[in-house]
Every structure is written in structure tokens, then in C-alpha cells.
Amino acid sequence: MATVAAEPFREAPASEERFAATMAIVMAAFVVAGFSNQYLMGRSTFAAPLRVHLHAVAFMGWVALFVTQSWLATRGPLALHRKLGWIAAGWMVAMVAAGLTVMIAVVRNGTAPFFFRPQEFLIANPLGLLGFVGLTSAAIVMRKQTDWHARLHICGMATIIGPAFGRLLPMPLLIPYAFESAVMAGAVFPLAGAIRDWRKTGRVHPAWGIGLGVLALTIVAGDLLAASPFGDWLYQTTVAGSPGAAVAGMEFAPPPDTPLRTGR
């Protein structure tokens, strides 16, 4: 992130990097707030299965890397920033594996949150991960183009911040659009970046449009695939022989009689 952005988004590298660092801290604060709220409300516990802890390590580790990388880009050393960048690239593999493991276990156990359709939960969540990997990989490829690199990283993070918002928003009140609401809440960060660009340059960088488009595509594709014959087949194949087979894939379950526990 040491090169100067191309016109018309040319600005001092320090300004560009301070912006990215600030956004990283704000996004991390939302993640910490969301999952801390989950714990304080009694909806999560350290007695969760190992897969949940591995999932937490993978995704919270990414948040730590995201903030650290933004800080190193601003204050250095840049050599460490570059080395950690390649570690982060490999870290995404662990995130995908941990994320898919938990998603599949949740639907097989029949414990998807009652404000989500299980079939949509199974299909749209991996699409969000795919969007994250695509945007973040693009940011790594374009690491020498500061304007694209920083913005694509922020957009990538925005695609996986939905679960944090899902723990802050009144999700039961948002049925039948609870999932869509949590995902699109992440759009606040690309939108904030677009507004900043407009105020500083009079134009909006195309990276923000790509990020917002990926978020929207996640929702549209997730809804369409979940309601399709393919969605029916994938769900039935995934839950076959498990308690989840007794749960209707495209219906909302009734609220539980006991306190909600997530990740089981």
C-alpha cells in the first residue's frame, strides 16, 4: 500500500492509508460488539463444540490481521506488512473450511436460527464467503495499486460482517428479510467510502460499486438458488440421515422455548 493512487483518486499515500486503518478499526469494533453482545445475552457459550471455537479463531484471527495490516500500512514496517499479507492469503483457506463446517453442522443438527430459512442459510452463507474470497484475492493481486487495494479489502470485509450485525439487530422483528437485512447492513462501509471519495474528489471509485454489487449478488443469488430445485436437492442431500431432515428447508421455524444458542 505504498504506491500513489491513479487519477482521479490521487491523494497522499498517508491519507489513503489512514482512511483504510480507520475503517478497519471501526469494522473490527462492530464485530467485537456483536459477538460480545451474543455472549452477554447468553446466546453463546465456551461449552460450544470444537468446530465453533475453530470457526471463531479463524474469523476473529482475520479481523486481527485486517486491523494489523491496516496499521502496518500506515506506520510500517512495510516488509512485515507484505509478509503478513501472504499469511493472510493462506488464512482465507482456513476461514472457508471452518465456515463451511459450521454451516453444514448447523443445518444438519436442525439448529439454524429461527429467523432464517435453513435452506437459505445453507446456500447464501457460502456465497458470502465466495464473495469475500473473490474481493480479498483481487485486493491482493492489485496490492501495488493503492486505490484499489485498500478499497477492495474493505469491501471484502463488508461481505462477512453480516453475522456481527445479525447479533446487534432485532432479527426476529426483521422476518422474513432478516438474512437480507444482516448482509446488507455491511453495505454501510462501502457507502461510507463512496461518500468520502465524492467529498474529496467529486467522483466515486469503482471499487465501491463492485463491493456493493457483490453484496447485492449474494442476496439475490442466495434467494433464487434457495428457492430453486437445485436448492431443494442440495438441502435434502446435506441433511439426509440427520435431525435436520425433519426441518422444512424453506420455512421459518417457531421461536425456541429455551434460550437461543447459536453455532450448535
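### Observations concerning the overall build of the protein
Part 1 of the reasoning: The number of helices and strands found in the protein is 10 helices and 0 strands.
Part 2 of the reasoning: Secondary structure of the protein in N-to-C order comes out as α-α-α-α-α-α-α-α-α-α.
Part 3 of the reasoning: Computed over its C-alpha atoms, the radius of gyration of the protein comes to 19 Å, within 12% of the 18 Å expected for a compact globule of 264 residues.
Part 4 of the reasoning: Along the longest, intermediate and shortest principal axes, the C-alpha atoms of the protein span 60 × 35 × 30 Å.
Part 5 of the reasoning: Look at the contacts in the protein between residues 6 or more apart in sequence, and 77% of them connect residues 24 or more apart.
Part 6 of the reasoning: With the model as given, the accessible surface of the protein reaches about 12,700 Å², and the carbon-plus-sulfur share is 70%.
Part 7 of the reasoning: With 19 positive and 12 negative side-chain charges, the protein shows a spacing of 10 Å between the two charge centroids.

### Overview of helix 8 (residues 188-201)
Part 1 of the reasoning: Along its 14 residues, helix 8 runs 20 Å from first to last C-alpha, staying within 8% of the 20 Å computed at 1.5 Å per residue.
Part 2 of the reasoning: For helix 8, the complete set of buried residues consists of F189, P190, G193, A194, R196 and D197. Down the axis of helix 8, the buried side of the element spans an arc of 160 degrees, and every buried residue falls inside it. Seen from the open side of helix 8, the exposed residues pointing more than 90 degrees away from its buried face are I195, W198 and R199.
Part 3 of the reasoning: Just past helix 8, the residue G202 takes up positive phi, approximately 80 degrees.

### Let's talk about the environment of M41
Part 1 of the reasoning: With respect to the helices and strands, M41 occurs in the loop between helix 1 (13-40) and helix 2 (50-75).
Part 2 of the reasoning: In this structure M41 comes out as exposed when scored by relative accessible area, which is 51%.
Part 3 of the reasoning: Once the C-alpha coordinates of M41 and R167 are considered, the two residues, 126 residues apart in sequence, prove to be 9.9 Å apart.

### A few points about the confidence of the model for the protein
Part 1 of the reasoning: Mean pLDDT over the protein works out to 88, with 91% of the residues at or above the 70 mark.
Part 2 of the reasoning: Least confident of the elements in the protein is helix 1, whose mean pLDDT is 85; most confident is helix 10 (residues 229-239), at 97.
Part 3 of the reasoning: A low-confidence stretch, residues 1-8 stays under pLDDT 50, and its non-local contacts, those more than four residues away or across chains, total 25 contacts.

### Examining the environment of H205
Part 1 of the reasoning: Relative to the helices and strands, H205 resides in the loop between helix 8 and helix 9 (206-226).
Part 2 of the reasoning: Look at H205 and you get buried, because its relative accessible area is 2%.
Part 3 of the reasoning: H205 sits 155 residues away from L50 along the chain, and the two C-alpha atoms are 42 Å apart.

### Comments concerning the nonpolar core
Buried together is how nonpolar side chains tend to be arranged in soluble globular proteins.
Part 1 of the reasoning: Among the nonpolar cores identified, the biggest contains 60 residues, and M27, W62, I154, M157 and I160 are the most heavily contacted of them.
Part 2 of the reasoning: Element by element, the count of residues in this core is highest for helix 3 (residues 78-108), at 9 residues.
Part 3 of the reasoning: Look past the residues within four positions of I160 in its chain and what remains in contact with it is F59, W62, M95, G128, L129 and F132.

### Digging into the environment of G244
Part 1 of the reasoning: Within the secondary structure, G244 sits in the segment after helix 10.
Part 2 of the reasoning: Taking relative accessible area as the criterion, G244 reaches 0% and is therefore assigned buried.
Part 3 of the reasoning: Taking the C-alpha atoms as reference points, G244 and T111, separated by 133 residues in sequence, lie 7.7 Å from one another.
Part 4 of the reasoning: Beyond its immediate sequence surroundings of up to four residues, G244 is in contact with V107, R108, N109, G110, Y235 and V239.

### Thoughts on the side chain of R151
Part 1 of the reasoning: Tracing the chain through its elements places R151 in helix 5 (residues 146-159).
Part 2 of the reasoning: Side-chain polar atoms of R151 contact the backbone oxygen of D147, separated by 2.9 Å.

### Some thoughts on the packing of aromatic side chains
Part 1 of the reasoning: Evaluation of the coordinates by the stated rule reveals 10 aromatic pairs.
Part 2 of the reasoning: Here the aromatic rings of F116 and F179 are separated by 5.3 Å at their centres, their planes lie at 75 degrees, and the arrangement is edge-to-face. In this pair, F116 is assigned in the loop between helix 3 and helix 4 (118-141) and F179 in helix 7 (residues 178-185), connecting sequence segments 63 residues apart. With respect to burial, F116 and F179 carry one shared label: buried.

### Section: the pattern of salt bridges
Part 1 of the reasoning: The tally for this structure, following the rule as stated, stands at 3 salt bridges.
Part 2 of the reasoning: The salt bridge partner of R151 is D197, with a shortest N-O separation of 2.8 Å. A residue pair is termed long-range when its members are at least 10 positions apart, and R151 in helix 5 and D197 in helix 8 qualify at 46 residues.
Part 3 of the reasoning: Of the residues examined, D197 reaches a relative accessible area of 1% and is grouped as buried.
Part 4 of the reasoning: When the shortest N-O distance is used, the salt bridge between R196 and D197 registers 3.8 Å.
Part 5 of the reasoning: One salt-bridge network, held together by shared partners, links R151, R196 and D197.

Calculation criteria
- Residues numbered from 1 in each chain as written.
- Predicted model: local features only at pLDDT ≥ 70, side-chain atom pairs only at ≥ 80, totals over all residues.
- Heavy atoms only, no water.
- Helix = DSSP H or I, 4+ residues; strand = E, 2+ residues; numbered from the N terminus.
- Rg over C-alpha atoms; globule rule 2.2 N^0.38 Å.
- Contact = heavy atoms within 4.5 Å.
- Areas by Shrake-Rupley, 256 points an atom, 1.4 Å probe, with all protein chains shown as cover.
- Lys, Arg positive; Asp, Glu negative; His and termini not counted.
- Charge placed at Lys NZ, Arg CZ, Asp CG, Glu CD.
- Expected span 1.5 Å × (residues − 1).
- Buried < 20%, exposed > 50% of the residue type's maximum accessible area, 1.4 Å probe, protein only.
- Arc of directions from axis to C-beta.
- pLDDT = per-residue confidence, 0-100.
- Core = buried A, V, L, I, M, F, W, Y, C linked by side-chain atoms within 4.5 Å.
- Polar contact = N/O pair within 3.5 Å; in protein donor to acceptor, adjacent residues only side chain to side chain.
- Phe/Tyr/Trp six-rings, centres within 6.5 Å; stacked < 30°, edge-to-face > 60°.
- Salt bridge = Lys/Arg side-chain N within 4 Å of Asp/Glu carboxyl O.

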